[in-house]
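Observations on the model geometry
Below, each chain spelled out in residue letters.
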Amino acid sequence: MRTYALAVFIWLVGLGGAQTQQKLLNVYNWSDYIDTKLLDKFTEETGIKVVYDTYDSNEILETKLLAGNIGYDIVLPSGSFLQRQIRAGVYQKLDRSRLKNAGNIWPEIDKQLASYDPGNQYAVNYMWFTTGLAYDERKIAPITGGKALTSWDILFRPEELKKFSACGIYVLDSPEDLFAIALKYLGEDADTPDQAKINAAADLLAKIRPLVKKFHSSEYINALAGGDICLAVAWAGDAYQARNRAREAGKGIDIKYVIPAEGTLMSMDNIAIPKDAKNVDAAYMFIDFLLRPDVAAQNTQITNFANGVLPSHPLLPKEILDDKSIYPDSAMMQRLFTVRPRDPATQRLVTRAWTRVKTGR
Ligand code: N2P
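Note that the coordinates shown come from a computational prediction; the quantities given were computed from them, not determined experimentally.

Under the domain assignment used here, the protein chain contains domain 1 (2-128 + 267-325) and domain 2 (129-266 + 338-359). When each unit is reduced to the centre of its C-alpha atoms, the spacing between domain 1 and domain 2 is 28 Å. Counting from both sides, the interface comprises 26 residues of domain 1 and, opposite them, 27 residues of domain 2. Each partner contributes to the roughly 2,200 Å² buried at the junction of domain 1 and domain 2, and carbon and sulfur atoms together form 48% of this total.

So, in structure tokens, the structure goes:
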């Protein structure tokens, strides 16, 4: 009898173990890009445990995706990367009929996304945003005479940038962003395949390198909030997170974010399921969860990035929804541009040029 009870016990434990194994979801997302409390909420509601890892560059994600067996069920590539990764066959089609909240997808944003994912077959938008300048108002006041920063001249004229170098400058380690902005500043198409133009943009970027403390795509949030730097090329929501962290620290540091008058790059990060995902049902449940208005609003409130869920708007604080640097209005939209994926040869040129920008070699 005792042996029988023991056998049943072992069997139950085994079953429990198997079940726990099934109820897993592996998410690979950008850092500082979710309210982590929502991960617990998802687990409470579904019983699915979320293993959550982060990255801060499309290149890191792409290397893993192309290597295969990525081990993640959800990833979040930006638009042009999504487009060429779809072509490379790394994603499975997303059956929107399995998402009961698909009706919450913001139609205009979905249309924008379709320019990267034709027919909206593989992804849904998570967040969308601009790349601009974030700065410590108090630290730069003596340099600017208290005036707000308004132009990319600050970044691209070394005699201007030099003035900020002593208080610390970080630049995103994102060739897509920096080449798009530099090319546009030179009056070119942001995604031109013209080698001479790309080299000219690289020359422009190389000139700023000696003045830049670090090329990095996530550390600037704390560096700004902690007063270690005074200027950063930043993604909108991250700049606001720096502002909020600085406010919480209560040391009188005030971080501002500006979209320079010349305009800037607008990007979208999107949710997709890799082809070799093991927990596809859980992935659909998680996407559906992110598409809930309350969940999307909470994520935007914490990250300060604009989400792709239209009915989240009434749930957002007015100061976020009315902030044109987070939710650009149509006038601001006129100043924004997007980029397409480069052909492989041009992409290699840009990658090499970016290394030259960062290392001087
Ligand atoms: C979140 C950064 C996401 C924007 N910290 C860049 N894709």
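The next point concerns unusual backbone geometry. Even without glycine at this site, Asn-69 takes up a positive phi of about 45°. Relative to the elements of secondary structure, Asn-69 occurs in the loop between helix H3 (58-67) and strand E3 (74-75). Here Asn-120, not a glycine, exhibits a phi torsion of approximately 45°, which is positive. Its place among the elements puts Asn-120 in the loop between helix H5 (107-114) and strand E4 (124-136). Judged by its relative accessible area of 17%, Asn-120 is buried.

Take the state of the cysteines next. According to the stated counting rule, one finds 1 disulfide in the structure shown. The disulfide bridge from Cys-167 ends at Cys-230, spanning 2.0 Å between sulfur atoms. In this structure the cystine formed by Cys-167 and Cys-230 twists about its S-S bond by roughly 70°; its chirality is therefore right-handed. Linking Cys-167 in the loop between helix H8 (158-165) and strand E5 (169-171) with Cys-230 in the loop between helix H11 (220-225) and strand E7 (231-235), this pair joins segments that are 63 residues apart in sequence. For Cys-167, a relative accessible area of 18% puts it in the buried group.

Before going further, it helps to examine the site of the ligand. As a structural note, the neighbourhood of the ligand is formed by Trp-30, Ser-31, Asp-32, Tyr-33, Ser-78, Phe-129, Trp-235, Asp-238, Asp-269 and Phe-305. Ser-31 has a polar backbone atom sitting 2.6 Å from a nitrogen atom of the ligand. Side-chain polar atom of Asp-269 to a nitrogen atom of the ligand: 2.6 Å apart, as the coordinates give it. In terms of residue class, the shell around the ligand is made up of 5 nonpolar, 2 polar and 3 charged. A domain split of the shell around the ligand shows at least three residues from each of domain 1 (2-128 + 267-325) and domain 2 (129-266 + 338-359).

Below, the discussion takes up the pairing of E4. Within E4, 13 of the 13 residues are buried, which leaves it mostly tucked inside the rest of the structure. As judged from the 6 bridges shared by E4 and strand E9 (residues 264-271), these two strands associate in the antiparallel manner. If you follow Trp-128 over to E9, its bridge partner there is Met-268. Sheet topology note: the E4/strand E10 (residues 306-307) ladder contains 2 bridges and is antiparallel. Considered in E10, the bridge of Met-127 is made with Asn-307. With 5 bridges connecting them, E4 and E7 associate as antiparallel partners. Considered in E7, the bridge of Thr-131 is made with Trp-235.

Calculation rules
Within every chain, residues take consecutive numbers counted from 1 along the sequence as written. Thresholds applied to this predicted model are a pLDDT of at least 70 for local features of residues and 80 or more for the giving and counting of side-chain atom pairs; totals over whole chains, interfaces and linings are not thresholded and use all residues. The side-chain numbers reported here are obtained from all heavy atoms of the structure, hydrogens and water having been left aside. Marked domain ranges trace back to an automatic or database domain assignment. Contacts: residue pairs with any heavy atoms within 4.5 Å of one another. Accessible surface is computed with a 1.4 Å probe, and the buried area is the amount of it that two parts give up when combined, taken over both parts together. Strands here mean DSSP runs of E at least two residues long; helices mean DSSP runs of H or I at least four residues long; both are numbered from the N terminus. For every residue, the accessible area obtained with a 1.4 Å probe (protein chains only) is divided by the maximum for its type, and the residue is called buried under 20%, exposed over 50%, and partly exposed between those limits. Two cysteine sulfur atoms make up a disulfide if the distance between them is within 2.5 Å. Nearness here has a simple test: a residue counts as near a molecule or strand if at least one of its heavy atoms is within 4 Å of that partner. For the purposes of these results, a polar contact is taken to be a pair of N or O atoms within 3.5 Å, where, inside protein, one atom must be able to donate a hydrogen and its partner to accept one; residues adjacent in sequence count only when each atom of the pair is a side-chain atom. Under the grouping applied here, Gly and all other residues not named as nonpolar or charged are polar, the nonpolar ones being Ala, Val, Leu, Ile, Met, Phe, Trp, Tyr, Cys and Pro and the charged ones Asp, Glu, Lys and Arg. Note on pairing: two strands pair once DSSP finds at least 2 bridges between them.

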